[in-house]
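Understanding the architecture of this molecule
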Amino acid sequence: AAAAAAAAAAAAAAATGSRLTPARPSERSKPKKTAEKAGSHRHNHNPPHNHHHHQTPHNPNHHNKNSNNPKNLNHTPTSPAKPPTHMDPTKPHIPDDDAELNSSDSDLPLGNTLQGLLSRLGTVDALRNFCGPGQTRLKQLLALIKSPSLEKRLEGLMELCGILSVSTEDSMSSFSLDAFVPALIAALNPPNTPDIMLLAARALTHLMDALPQSSVSIAHHGAAEPLCASLLAIEYIDLAEQSLMTLERLARDYPHPVLHAGGFAAALTYLEFFSIGIQRVAARLASNLCRNPPPDAILIVVDALPLLGNLLENSDPQIEEHAVKGFAALAEGFRGSSESLEKIAGERFGAMEKILGLTTGMVLTRVAPQAFVASLRYLTFSAVGSAKIAAFTLEHEGLLEFLEKLLRDPARPHRIEVLALLDSLLPSPQAASAQSKGRRKVAARLPSSSSLAVVETDRIAKLSANPTMVENFGHRFFNLLILSYDTNESMSSRRTVLSILHKYVSFAPPEILEEKLAENRAASNSPGVDDDMYFCFFLCHIMSESSNLLELESVLEILSASMSKIPSLRLRLEKEGAVQELERIAAATFAETCTASFGGDPEAVSAKAKTILEKEFSGEQGTSSKLSTLKTLAEKLTNDPSCVWLDSIAQSFDDEDGVSAFELRTSGLIDAIVGYLRVDDPTEQFERLKTMASALGDSKVFRLLVMRSLSVLALVEELPLAITEGSSGPASVSTGLRQLMRPFKLRLKKTPFDHSKGLKDYSQHVILIEPFATVSNISEFLRPRVVTGQSLADEGTKEAAPKDEEKGELKGNRAEKSESPVAQVFEPSFGDGEMDEDDEGDIYGHSSSDSFAKMNYGESLHPVEIDLDSGGGKQADKPGPSAEPPSKSYAAALKTVDKTAAVQSPASSKLEFKIDGETLQGNMSVLQCVLKFSGKHTRNASGSLLYAYRMWEDVHTLTYSFQSSDEEPEQDADSEHCSTVTTQKVHRVDSLGGVQILLPVFHMSPSLPSSIRTIVLLLRNLFWINNNAGLLTGDPSLSLMDKKTFNCGKVVSKIVRQLSDPLPLCSGMTPPWCYAICGDALFLVPFETRVLLFQSTSLGISRALQRLQTSQDAAVNSSRSNSRSPSVRLRRIERQKVRINRERILDSAMKMIELYCKRKSVLEIEYFGETGTGLGPTLEFYTLTSKEIQTYKLNLWRAKEKPPGAPASDTIIPTGKGLFPRPIAPGETKVVNYFLFLGRFCGKAVVDGRLLCLRLSEEFSALIMSCADAPKHTSTCKSQGNLTLEHLRNVDEQMFHSLDNLLKLKETAPESIGELEMTFTLPGHGDIELVPKGSKETVTADNIGKFVDSVVRYILFDGVRLQAEAFAKGFNEVVDLSSLCLFEPAEIEFLLCGTDCENWTQDYLMKAIKCDHGYDHESSAVTYLVNILSSMSTEEKRQFILFTTGSPSLPFGGLESLQPVFTVVKRTPEAGLTADASLPTVMTCSNYLKLPDYSSMEIARERILFAIREGQGSFHLS
């Protein structure tokens, strides 16, 4: 087969003709293109073929069957012949549009050769020996090439091209470059025919691919000149294109010869003559020519700048990207010459303005991520090397505003590049010393310190002449930089932040700096801003916790520079503990104990601290009085819990200098306040909280206490992470996911000194096993190989088909042998034992990715039709006997094996496994075993666990023995939950929690470190006071602080960092404190972060991986997918398609949810009689079912009276804020069954990530959550006054007013109560008695209070208890109910339903919408759309969202967080229609709006509103 492939390739390469297309002078204005090239343009990405509303076929010009196949880079003769009038069959295939997306010079493919294709197919190794020509044949080919005969030269060149196209470096070891290269270059020159020149150029390209070292010989012998001449002559378009591709290949390694030969002019002069694919090659060539230019090339570059600048205005994003990369390379190359950099920037900075326009026009929407990074690098190098450019950049408001937006959003990628650019905008105070120490990457690249000093001197002079530049810089970035320090895990980023702050402090005039610090201090005391932004606290915080000597050195420099300008900072620094930290650093023991692993000189740091102490802090300190006062107050409050001391404490915070975090921490005040509030009697506790609220009184004092407490928490927290060593950012997610595709190496060894009979040793083998395989899988693999004396049948190794779990479910299929998680076995040659027959054919010899590829992931299960008449589901289109059974996911296969083994394995032969002496449970994954017990981890200075990827290289030893008979059976491995929150049973609610006051308690989770328990308790009480300020003060409208102010940024960043690491997440190694702090003090963590924790740990490993993959794609690709390497898709989830009846949607939903709610597969809905499938119909199903469950005819909820004439199928109008069940009498089982379904339905929606239109009231959510056994961090006391009645207001305001009027009637006209002739029955429900024999007991003035309490209790608790329990039971069947303890009751609505319609401004919409395939953000149709959307009413927005996505709600984060990104493309009108007569269509599965190019705003508005009104209700293909 290899010989045949090579022969066919050589013969095909030889089958060339002589028809070249001349580029006549008349064609130069409009060059001819082949049919293939005409289809290649900017927007060739064919959108996904999903089903959608009114879908129409795409323009065929947008389709390119090779667009996503990088293998098809070379046109082989097997390609379809092109029309002879346009294209010669010898013409090389043009790289299609997606072939080189975002390819850097270092990771380009080996070239446009068949060898490259064969290498990807894995056949090169088989061809190596065959394809290597012998010396004799090479001499014959060389003679043919040098022959004066045209025919012989053609023959030799064609055969050489065929050989080189399939050759490798190994097979060409005998190839003589010195002989062939001059001959081929000679063939490039006239008077050779165009055919000869074309083949010679192609042979050179193939030669550089096969022998990369040949590039130096080709460049040395002057190939660039004739190739450039062919391009400039452009007599034959095919020869010009091949010459361009050869030059591009040569310029990757040796750009200088091409540059001096006129490469810029050759590549760009006739750019518009070529197809889009060749234009991209030309742009890449120009970009390569810009790399490392020689100093004497500036004149060549200046001449080429107009041509290169034109590329910045090209409509193709890839050409724009190459142009920006070229400018970045030029700036780097000429970074030592200000004059050259200013010439590159263009006259009046024209080129720089173009790049800024590309970069700042739309945040990461107009340019690809790599181009964006290149533009930042260009600006960075230019600013460092030129004082004029630095000043221009500092005064460019558009750029500064753009960088400010990027820095405000910690989720944005490329923060390191943004910080590097900001660092380059300000000069260094010590340029020469900084450069010599190598402390600044950009400066260190400068050729000499003298040139740097000249530039820095000019920059300093410009800043001094225009101080407003520094003032504006500080106004935008000072606070953001301080905040960025704590949110950045990257050490280099944190050092860059400190470098920028040092520069700013050094060059800001004292009055500007003092004003900025005053603003910063005020900001730290304002609601919604972390105290970490307070400058002095920030510096002291770093000194106290950083172990990085370079960071400490930078902080000391900032401290010294700031105090030299503002001496008054001394008092504030003393209050923040600066003196104590400086004394610690200056001590002799500091240099002895610290390590310089990150660089830096400990002695120099200590000396610097000592100098600051002697210079700035000599003399008497001024903090002793305030600190001693606080200590005295803390002691008195502890001994005498009186409100007097609370007033004094509040007065201390209200002083001019206030109380610092250091003083609060060291004075003992935190322990004293917590001790004051810690009492056993709830009534006394309530009174003390009320007293404390009264003492704090002023919202300013309260705010200061909260902010200082949060600062103390940031100082003392010791929350260790469990992360992979060296991982941070999107790249680490991708790396971690790739690691999970690799199998572990295990050695299975019989336990030493185990003399059990019938058990063999297997340690001579090394097995490869998938990370998610369980210990039970290992046991199943090992038992038949090591247990003797029993047949395989006796041991139960035969697999049996799983039984149906419920009527109507599909039967599962047996896991195939090829799907075994134990992929391969390796037996070393030194093994003692003989290989079993079972091991033959499983020898270790393939890559790990191959073994992983055997698994079947993401397959759709066969669709099932819900048959309501038969009461079950039936499989649609069942395959015949010969068809392959539907594939199961790996997880399902593991479960099948595990369950079968558990049933059939005799207990006497069960194996027990240990690793390093630790016994392993059967449901533990291999990944979890290795991470938890193998000891392959270390701890850093902060106590965090660090795992290393090298654990995949090690061989891990597991010992095995027979399991003791008295040991308890293994747990079922069926659970996918990776949360440490245990599943709790659902029990009956036995108290009316919803109508009592919930007080803060002092119970803390044992998982919470003791170092932060006291401060968390204080914050918990302060948070309670903040939420109940109206209750405590008697002013219902009083609000002290926004709840978001209690968020602790440092804790949040740690949780987010932990959840972004795939290895600990998938092995269940998430630190317990993540759950504990969200349960004990959820106010410290914002809702979106707790949702992230919930989704990552409570919905199973597969969903956690899916979230990681989605976030990785969004972070890396930003708004456009231009990454060269495909996304890592580790573990896709099975999709179960179910076909239902739209007319009976609720009945179908109830049956379907009953059958499939517990399955891990994702449900996808189809409707009978409709061809649509996918995400859109599925989202619509959840929406329609949500509305169906809220109709008047079901009578499940408290609702206002149905309007006269309205049908019973109308959706109810709740009586309060959200849905609350109507009270029922005991025995109404039908209603209870509906709520059981509703719980399952909501659980499945949460697991599958679907949004509902089911907004439950806060009271009902609280009742549901109280059904779980999760620890409750509240105690209760009897409510005072009519508080029980007050809780009814949110459920039924009309009933509240009625009952309230009855109570008032008791005071004004008690005799009239009896005249009402009411009995102790529920109002509106005469059959429901509130007390025994209540229908016979009359309500009077004496018992009216009892009556009101009974009504409230029944409405809020007794009458809805069964519904709440049923909902909780159904939800718990799908999702662990106790995991809801991460949320407040009011947040359950957002978890289920997402956000309601947000405020759509035009700027927001421009950022949220992606334009493609004919549109950009400047297109008139897009402008019309944005204007229309921004002016829509709330109801119109819901209709638009429903029309485009299938759901009326948006996920948390709004339109901007939609995945896939909401995209608008141009719709081509159907035949006979104009754009104004066409309607917009959508692909709901991919959030894809196809919008006609309307001629006016009025027409666009009319057509869009008509489409969203009438385009609902069905999904079809068109």
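Residues numbered from 1 in each chain as written. Predicted model: local features only at pLDDT ≥ 70, side-chain atom pairs only at ≥ 80, totals over all residues. Heavy atoms only, no water.

This part is about the overall build of the chain. Summing up its helical and strand segments, the chain has 67 helices and 21 strands in all. Looking at the chain residue by residue over its 1518 residues, the buried ones come to 57%. (Helix = DSSP H or I, 4+ residues; strand = E, 2+ residues; numbered from the N terminus. Buried < 20%, exposed > 50% of the residue type's maximum accessible area, 1.4 Å probe, protein only.)

In this section: the pairing of strand S19 (residues 1463-1466). In this sheet, S19 lies alongside strand S18 (residues 1410-1412) in parallel orientation, the contact comprising three bridges. Bridge pairing links Asp1412 to Val1465 in S19. One ladder, built from four bridges, connects S19 with strand S21 (residues 1488-1491); its direction is parallel. Note that in S21 the partner of Val1464 across the bridge is Leu1489. (Pairing = 2+ DSSP bridges.)

Turning our eyes to something else, we now look at helix H55 (residues 1175-1188). A rise of 1.5 Å per residue sets the reference length of H55, with its 14 residues, at 20 Å; its end C-alpha atoms lie 20 Å apart and thus fit the reference within 8%. Counting buried positions along H55 yields 10 of 14 residues, so the element is predominantly enclosed. Every buried residue belonging to H55 is among Gly1176, Pro1177, Thr1178, Leu1179, Glu1180, Phe1181, Tyr1182, Thr1183, Thr1185 and Ser1186, and all of these are buried. Lining the buried residues of H55 we find strand S13 (1135-1140), helix H54 (1145-1156), strand S14 (1162-1167), helix H56 (1229-1248) and helix H66 (1434-1445). (Expected span 1.5 Å × (residues − 1). Contact = heavy atoms within 4.5 Å.)

Moving on, we get to the pattern of salt bridges. Under the criterion given, the structure shown has 45 salt bridges. Across the pair Glu313 and Lys354 runs a salt bridge, and its minimum N-O distance is 3.4 Å. Of this pair, Glu313 sits in the loop between helix H15 (298-311) and helix H16 (317-333) while Lys354 is found in helix H18 (residues 350-360), placing the two residues 41 residues apart along the sequence. Note on Glu313: relative accessible area 55%, which makes it exposed. Across the pair Asp1292 and Arg1198 runs a salt bridge whose closest N-O atoms are separated by 2.6 Å. (Salt bridge = Lys/Arg side-chain N within 4 Å of Asp/Glu carboxyl O.)

The next point concerns the nonpolar core. Ranked by size, the top nonpolar core spans 379 residues in total, and within it Ile1077 and Leu1084 carry the most contacts. Ignoring any residue separated from it by four or fewer positions in sequence, one finds Ile1077 in contact with Leu719, Leu1008, Ile1012, Val1051, Ile1055, Leu1082, Leu1084 and Val1085. Counting residues in hydrophobic clusters, the runner-up holds 33 residues, among them Ile1428, Leu1429, Phe1440 and Leu1491. (Core = buried A, V, L, I, M, F, W, Y, C linked by side-chain atoms within 4.5 Å.)

The description of two packed helices rests on the angle between their axes and on the distance between the axes. Viewed as axis vectors pointing N to C, helix H5 (residues 135-146) and helix H7 (residues 177-187) meet at an angle of 20 degrees, and their least axial separation amounts to 10 Å. Classed by the angle they form, the pair H5 and H7 counts as roughly parallel. For the pair H5 and H7, the crossing hand works out as left-handed. Between H5 and H7, the contacting residues are Leu138, Leu141, Leu142, Ile145 and Lys146 on the first element and Ala179, Phe180, Ala183 and Leu184 on the second. (Axes fitted to C-alpha atoms, helices over the stretch in contact; angles between N-to-C directions. Parallel < 35°, antiparallel > 145°, perpendicular 65-115°, else oblique. Left-handed = near helix turned anticlockwise from the far one by under 90°.)

Attention now moves to unusual backbone geometry. A cis amide bond links Pro190 to the next residue, Pro191, at an omega of 15 degrees. You can see Pro191 is positioned in the loop between H7 and helix H8 (194-210). Of note, the phi angle at Phe349 is positive, near 55 degrees, even though the residue is not glycine. Secondary-structure assignment places Phe349 in the loop between helix H17 (338-345) and H18. Here the phi dihedral of Asp916 falls at roughly 55 degrees; this positive angle occurs in a residue that is not glycine. With respect to the helices and strands, the residue Asp916 is situated in the loop between strand S7 (911-915) and strand S8 (918-919).

Further remarks concern the sheet that holds S19. The four strands lie next to each other as S18-S19-S21-S20, forming an open sheet whose pairing is mixed. If you trace the sheet from one side to the other, it starts and ends with S18 and strand S20 (1481-1483), each paired once. Shown here is a sheet whose adjacent strand axes are inclined to one another by a mean of 25 degrees, direction ignored. The pairing of S20 with S21 spans three bridges and is antiparallel. Bridge pairing links Thr1481 to Lys1490 in S21.

Now for the state of the cysteines. Covalent bonding between the sulfur atoms of two cysteines defines a disulfide. Counted under the stated rule, the structure contains zero disulfides. Of all cysteine sulfurs in the structure, the one in Cys1078 sits closest to Cys1381, which takes part in no disulfide; the separation is 8.9 Å. (Disulfide = S-S within 2.5 Å.)

This part is about the packing of helix H29 (residues 535-545) against helix H30 (residues 549-565). The contact between H29 and H30 brings their axes to 9 Å, and the two run at 150 degrees. If you check the angle between H29 and H30, you find them roughly antiparallel. When you trace H29 past H30, the crossing you get is left-handed. Here Phe535, Leu539, Ile542 and Met543 of H29 come into contact with H30, specifically with Leu552, Val555, Leu556, Ile558, Leu559 and Ser562.

Moving on, we get to a negative patch on the surface. A grouping of Glu471, Glu511, Glu514 and Glu515 is seen on the molecular surface, where their side chains present a negatively charged patch. Among the elements that make up the negative patch, the one with the highest residue count is helix H28 (residues 510-524) (three residues). Position of Glu471 relative to the elements: it lies in helix H26 (residues 468-487). (Patch = residues over 30% accessible without salt bridge, like charges linked within 9 Å, V, L, I, M, F, W, Y side chains within 5 Å. Areas by Shrake-Rupley, 256 points an atom, 1.4 Å probe, with all protein chains shown as cover. Lys, Arg positive; Asp, Glu negative; His and termini not counted. Charge placed at Lys NZ, Arg CZ, Asp CG, Glu CD.)

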